[in-house]
Structures are given as structure tokens and as C-alpha cells.
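So you can see what is in the structure, the chains are spelled out below.
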Amino acid sequence: MICNQSILIFYRIIHRCLLLIGIDADVVFPALDTPPPKSFALSPVIVPPVIVQVAAYELLSIAPPFHVHCRSTTVPYFDDEFDAVGERAARDEETGKTYFVPGNMTYKEWEKVFVNSGDKSQFTPTSPMEKSNELGYTIRTKEEFENITNSIKSDITNYANNHSKWSGNINVHKDLIDGDAMGVKEWSCDIAVIASADDGVLWHEMLHSCSASYYLPNVYSEHQFIEEGTVEFLKQQICAERNIRNIGAYEDKVLILKTINDSFGYGTDLEFAKEIFNVPLPDRYQWLVDKVDESLRNANASFEDYNDVMFFLKALEGGENG
Ligand SMILES: [Zn+2]
């Protein structure tokens, strides 16, 4: 109940921010999970991802959360930049593994194939890269990963003030690591990736090796959300700059950082991502709070707006264990 209510508040704040920065439509991505109650006007049972005017949102009916434990999400909609259908992640009940289906697949279609044991053969991949052979991606060997990561190690000095603590070793896994990760930076400073990981995963883990690797594991746990949010935000800007295909992660946290920068204009997203990433991890969240506090005061924000934005930032505080 508490989780659900906080998700509801989180979405209310996101909608206000989207309107403030002039994004007037959102794409709602219903999660391919258990069906929600049929009482909702536009439920995932009947819709593929759908474009919704933010101003027309009626929470609990056309925007998530649709129901208790809802994993549906939204993404800001841009009119003409993206024409590809894209992919959506879903979870296999039997194996617990993630696989990818076409972005425009409806819940009904998904249910027919995956819940009622239809023909899954065209959807079996457990990772995005295997699915993307036609785009030139393929399974890679330990040696190939290590060669690419070595070149990232020298390029990363353009973005990170600290040098990388990567050991030089990559451990290649056949399946998603710990059930859901495409890459992990281990505390030995080895990097573990699935054989089909994209270069974005390598950049993400290498950024950790210039950041969290400088601290003990408990410091990472205490500041996990700001670390993951800022690492992924910077990784996405680097990939955009260098035209590297990558699958996004931690989208809720990246969206907060992007929205804050869109609202207050601290520079390009790449400049802001670099600036915050290079603040030492133990100080990083507080640094952001102080910076936003100053911007809100300078803008003479109302008491209500001030509190809403500060609450919005809280999703970047702490970690899964506190
Ligand atoms: Zn990470």
C-alpha cells in the first residue's frame, strides 16, 4: 500500500515536471505481467504502448500505477525522432529470465504466446544483443570484450577525473548475471558481462570503476541510487555522442537527472552528467540537493513547488538496503 501510494505521488510529480518543461505527451508502457482488474478504462489487457496527452492524465485509469504491484511505466513522447518499433522486456514465469518482444505487442498477444504455451521460438533470446544480429551485434569472446574495454579505458579519461580501477579481466557469462544484470563490476575490479552485452554495458561498468571502486562496498550500498543514476545518465550521453547502440537502464533515475537539467539548464546533458559524476560518491547526492535548492531559491519557487521538486529528488537518495 505504502509502495503504491509513493509510486502514485512519484508519477504526479513527474507529470507536473513534464508539463513544466513542455513535454505534452507520454508513451505508457503497460508491463507484461499479471492482468490488472478490468475496471480500468484503458488497461494493459487491451493496449499496446499508447501515446497519452499528459494534460489528460487521469491517474489510476490511463497512466500507471494501474493496480497493486504495477510495473508499468511511461516514457516522454517525442513526435518524429523515433520510427522503429523497438523492444519491450518481459519475464518468463518458468525460468525467471528476461526476454524481449516487439514493442507493439499487446498483452493479449503476449499472453497467447507466453502464458498459454504458444510458439515462443521467435522470442526466445534472453538478451537484447542476441536479438539484434541484424544490427551487427553478436556473441563476443572474453578477448574481444577485453580489447574493447581497454580502448574504453583510455577514452574514459575524457569524462572521468579518476583513472579506472578495472583489473583488465572480463568474466563472460552465458546468462544474465544474478538473474537480471547484463553487466556487473565485481569488487575484485573484474567486470562480468553476458556474452551478448552491448558496448553501453562496458561503458557503464567502466564508469563504476572510476567511481564506486574508490570506496568500500558499504559506501556503494549507502549511495547506490545516486551512483547508478549518475553512471547510467553519463553512459547514455557518452553513447549518444559516440553513436554507440545501448539499452538503457535505471530509466526512472536518469529521467530525474534529465528533468532537473532541462528545468534549470546546468549545461548540456553531457556537461551536467560529467559534472555530477565527478563529485565524490559520498558527497554526490547532497551536492545535487544543494544545487537544486539554490536554483529553486533563485527562481523564487513557491513553497509547494519547492517541496515537490525536493521530494522528486529523494528517489536518488540511499540504496536498496537503506
Ligand atoms: Zn551499475
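Residues numbered from 1 in each chain as written. Predicted model: local features only at pLDDT ≥ 70, side-chain atom pairs only at ≥ 80, totals over all residues.

Undergrad: What should I look at first to understand the overall build of the chain in this one?
TA: For the chain, the count of helices and strands is eleven helices and eight strands. Within the chain, the proportion of its 322 residues that are buried is 32%. Pairs at least 24 residues apart make up 65% of the contacts formed inside the chain by residues separated by at least 6 positions. (Helix = DSSP H or I, 4+ residues; strand = E, 2+ residues; numbered from the N terminus. Buried ≥ 20, exposed ≤ 12 C-beta atoms within 10 Å, placed from the backbone. Contact = placed C-beta atoms within 7 Å.)

Undergrad: Whenever I open this one, the sheet that holds strand 6 (residues 170-173) confuses me. Can you help?
TA: Backbone-to-backbone hydrogen bonds join strands into a sheet, with any given pair of strands oriented parallel or antiparallel. Across the sheet, three strands lie side by side as 6-8-7; this open sheet has mixed pairing. Edge positions in the open sheet fall to strand 6 and strand 7 (183-185), since each of these has one partner strand only. Pairwise comparison of adjacent strand axes, ignoring direction, gives a mean angle of 15° for this sheet. Pairing of strand 7 with strand 8 (residues 191-194), which is carried by three bridges, proceeds in the antiparallel orientation. The partner of Val184 across the bridge, within strand 8, is Ala192. Along the sheet, helix 4 (residues 142-155) makes contact with strand 6 and strand 8, crossing strand 6 at roughly 135°. Helix 5 (residues 199-209) contacts strand 7 and strand 8 of the sheet and is inclined by roughly 15° relative to strand 7. (Pairing = 2+ DSSP bridges. Axes fitted to C-alpha atoms, helices over the stretch in contact; angles between N-to-C directions.)

Undergrad: Explain helix 8 (residues 251-264) here, please?
TA: Because an α-helix packs 3.6 residues into every turn, residues spaced three or four apart end up facing the same way. An ideal rise of 1.5 Å per residue puts 20 Å on 14 residues; helix 8 measures up with 20 Å between its terminal C-alpha atoms. All buried positions along helix 8 are accounted for by Lys253, Val254, Leu255, Ile256, Leu257, Thr259, Ile260 and Asn261. Once helix 8 finishes, Gly265 follows within two positions and takes phi at roughly 60°, a positive value. (Expected span 1.5 Å × (residues − 1).)

Undergrad: Help me understand the pairing of strand 8 in this model?
TA: Residues of strand 8 alternate between two faces, with Ile191 and Val193 on one and Ala192 and Ile194 on the opposite face, all of them buried. One ladder, built from four bridges, connects strand 6 with strand 8; its direction is parallel. Within the sheet, the bridge partner assigned to Asn171 lies in strand 8 and is Ala192. Between strand 7 and strand 8, which pair antiparallel and follow one another directly, the connecting turn spans five residues, one of which, Cys189, has a positive phi of 75°.

Undergrad: I would appreciate a short explanation of the nonpolar core in the present structure.
TA: One recurring pattern in soluble globular proteins is that nonpolar side chains are buried together. Counting 39 residues, the largest nonpolar core has Val193, Leu202, Leu207 and Leu234 as its most contacted members. Mapped onto this core, the elements with two or more residues apiece are strand 8, helix 5, helix 7 (224-242), helix 8, helix 9 (269-277), helix 10 (281-298) and helix 11 (303-313). It is helix 7 that contributes the most residues to this core, six residues altogether. The residues touching Val193, leaving out its near neighbours within four places in the chain, are Phe145, Ile170, Val172, His173, Met182, Gly183, Val201 and Leu202. (Core = buried A, V, L, I, M, F, W, Y, C linked by C-beta atoms within 7 Å.)

Undergrad: Help me out: how do you make sense of unusual backbone geometry in this one?
TA: Residues apart from glycine generally show negative phi values, whereas peptide bonds are mostly found in trans. Non-glycine residue Cys189 carries a positive phi angle of around 75°. With respect to the helices and strands, the residue Cys189 is situated in the loop between strand 7 and strand 8. With a phi close to 50°, Asn300 is a non-glycine residue in the positive phi region. Structurally, Asn300 can be placed in the loop between helix 10 and helix 11.

Undergrad: What is the right way to look at the packing of helix 7 against helix 8 in this model?
TA: Relative to each other, helix 7 and helix 8 sit at 70°, their axes nearing to 8 Å. Taken together, the axis directions place helix 7 and helix 8 in an arrangement best described as roughly perpendicular. Residue-level contacts link Phe225, Glu228, Gly229, Thr230, Glu232, Phe233 and Gln236 of helix 7 to Lys253, Val254, Ile256 and Leu257 of helix 8. The class makeup of the residues in the contact of helix 7 with helix 8 is five nonpolar, three polar and three charged. (Parallel < 35°, antiparallel > 145°, perpendicular 65-115°, else oblique. Nonpolar A, V, L, I, M, F, W, Y, C, P; charged D, E, K, R; others polar.)

Undergrad: Even after reading the chapter, I still don't get helix 10, so can you show me in this structure?
TA: In a regular helix each residue adds 1.5 Å, so 18 residues correspond to 26 Å; helix 10 covers 26 Å between its end C-alpha atoms and thus fits that length. Buried within helix 10 are the following residues: Leu281, Arg284, Tyr285, Leu288 and Val292. Where helix 10 is buried, its residues meet helix 6 (217-222), helix 7, helix 8, helix 9 and helix 11. Within two residues after helix 10, Asn300 carries a phi angle of roughly 50°, on the positive side.

Undergrad: Just to check I follow, could you spell out the environment of Gly200 for this structure?
TA: Looking at where Gly200 falls in the secondary structure, it is placed in helix 5. The buried category is assigned to Gly200, around which 21 C-beta atoms lie within 10 Å. Separated by 48 residues in the primary sequence, Gly200 and Gly248 have C-alpha atoms spaced 8.4 Å apart. When residues no more than four places from it in sequence are discounted, the contact partners of Gly200 are Lys235, Cys239, Ile244, Asn246 and Ile247.

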